[in-house]
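Examining the three-dimensional arrangement
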Amino acid sequence: MCPLTPAPLIHATSGAADDTIRAPGDELAEKIEAREPYHFKLKQGPDARGAIRLQCPASGPSPSVNCARRDG
């Protein structure tokens, strides 16, 4: 995930029981869903060594988030 993901989203599942995460309530489900734009995007599949390339969610022609680190 992006290093500038808001802390409430990062820590939404910290300390939660496994069954709570597997069947989240409405509030937790919203926080988990709100993380999606901050996930790195797969840029290129595995090469011969199995390495993959990821892209920052704030870069490229269709960024999913705005980032002070990228925009400045």
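It should be noted that the structure appears before, not after, this text.
About the criteria used
The residue numbering used here restarts from 1 in each chain and proceeds along that chain's sequence as written. Restriction of local features to residues with pLDDT of at least 70 applies here, the model being predicted, together with a cutoff of 80 or more for giving and counting side-chain atom pairs; totals for whole chains, interfaces and linings are based on all residues. For the side-chain quantities, the full set of heavy atoms in the structure was used; hydrogens and water were omitted. Segments assigned H or I by DSSP are reported as helices when at least four residues long, segments assigned E as strands when at least two residues long, and all are numbered from the N terminus. We compute the radius of gyration over the C-alpha atoms and compare it with the globule rule, which gives 2.2 Å times the number of residues raised to the power 0.38. Here's how the labels work: a residue is buried when its accessible area is under 20% of the maximum for its type, exposed when over 50%, partly exposed in between, all with a 1.4 Å probe on protein chains only. The protein chains shown are the only cover counted for residues, whose accessible areas, like all others here, come from Shrake-Rupley with a 1.4 Å probe. Charged residues are defined here as Lys and Arg on the positive side and Asp and Glu on the negative side; His and the ends of the chain fall outside this count. A charged residue contributes its charge at one atom only: NZ of Lys, CZ of Arg, CG of Asp or CD of Glu. The criterion is simple. A nonpolar core is a set of buried Ala, Val, Leu, Ile, Met, Phe, Trp, Tyr and Cys residues joined through side-chain atoms within 4.5 Å. Any two residues whose heavy atoms approach within 4.5 Å at even a single point are treated as in contact. Cysteine sulfur atoms are paired as a disulfide whenever they fall within 2.5 Å. Nonpolar side chains (Val, Leu, Ile, Met, Phe, Trp, Tyr) are joined into patches within 5 Å and like charges within 9 Å, using only residues with over 30% relative accessible area and no salt bridge. The term salt bridge refers to a side-chain nitrogen of Lys or Arg lying within 4 Å of a carboxyl oxygen of Asp or Glu. N or O atoms closer than or at 3.5 Å make up a polar contact, with two conditions inside protein: a donor-capable atom paired with an acceptor-capable one, and, for residues adjacent in sequence, both atoms drawn from side chains.

Scanning the chain from N- to C-terminus turns up 4 helices and 2 strands. The order of helices and strands in the chain, counted from the N terminus, is α-α-α-β-β-α. Against the globule reference of 11 Å for 72 residues, the chain gives a C-alpha radius of gyration of 15 Å, more extended than a compact globule. Seen along its three principal axes, the alpha-carbon backbone of the chain occupies a region of about 35 × 35 × 20 Å. Expressed as a percentage of the 72 residues in the chain, the buried residues total 19%. By element, 51% of the accessible surface of the chain is carried by carbon and sulfur atoms, the whole surface being about 5400 Å². The distance from the centre of the 9 positive side-chain charges to the centre of the 9 negative ones in the chain is 14 Å.

One finds C2, L9, Y38, A58, V65 and C67 forming the largest nonpolar core, which totals 6 residues. Ignoring anything within four residues of it in the chain, the contact list for C2 reads Y38, F40 and P57.

What follows deals with the state of the cysteines. Counted according to the given criterion, the structure contains 0 disulfides. Looking at C56, it has no disulfide partner, and the nearest cysteine sulfur is the one in C2, 5.5 Å off. Accessibility expressed as a relative area gives 22% for C56, which makes it partly exposed.

For the rest of this paragraph, the subject is a negative patch on the surface. A cluster of acidic residues, D26, E30, E33 and E36, forms a negative patch on the protein surface. Assignment of secondary structure puts E36 in the loop between α3 (26-34) and β1 (41-44).

With that out of the way, let us pick up the pattern of salt bridges. Tallied over the entire structure, the rule returns 3 salt bridges. Here D47 makes a salt bridge to R49, at a shortest N to O gap of 3.8 Å. The partly exposed category is assigned to D47, whose relative accessible area is 39%.

Moving on to the side chain of Q55. Here Q55 is to be found in strand β2 (residues 53-55). Within the structure, Q55 has its side chain in polar contact with the backbone oxygen of S59 (distance 3.1 Å). Not counting chain neighbours up to four residues away, the residues in contact with Q55 comprise F40, K41, K43 and G60.

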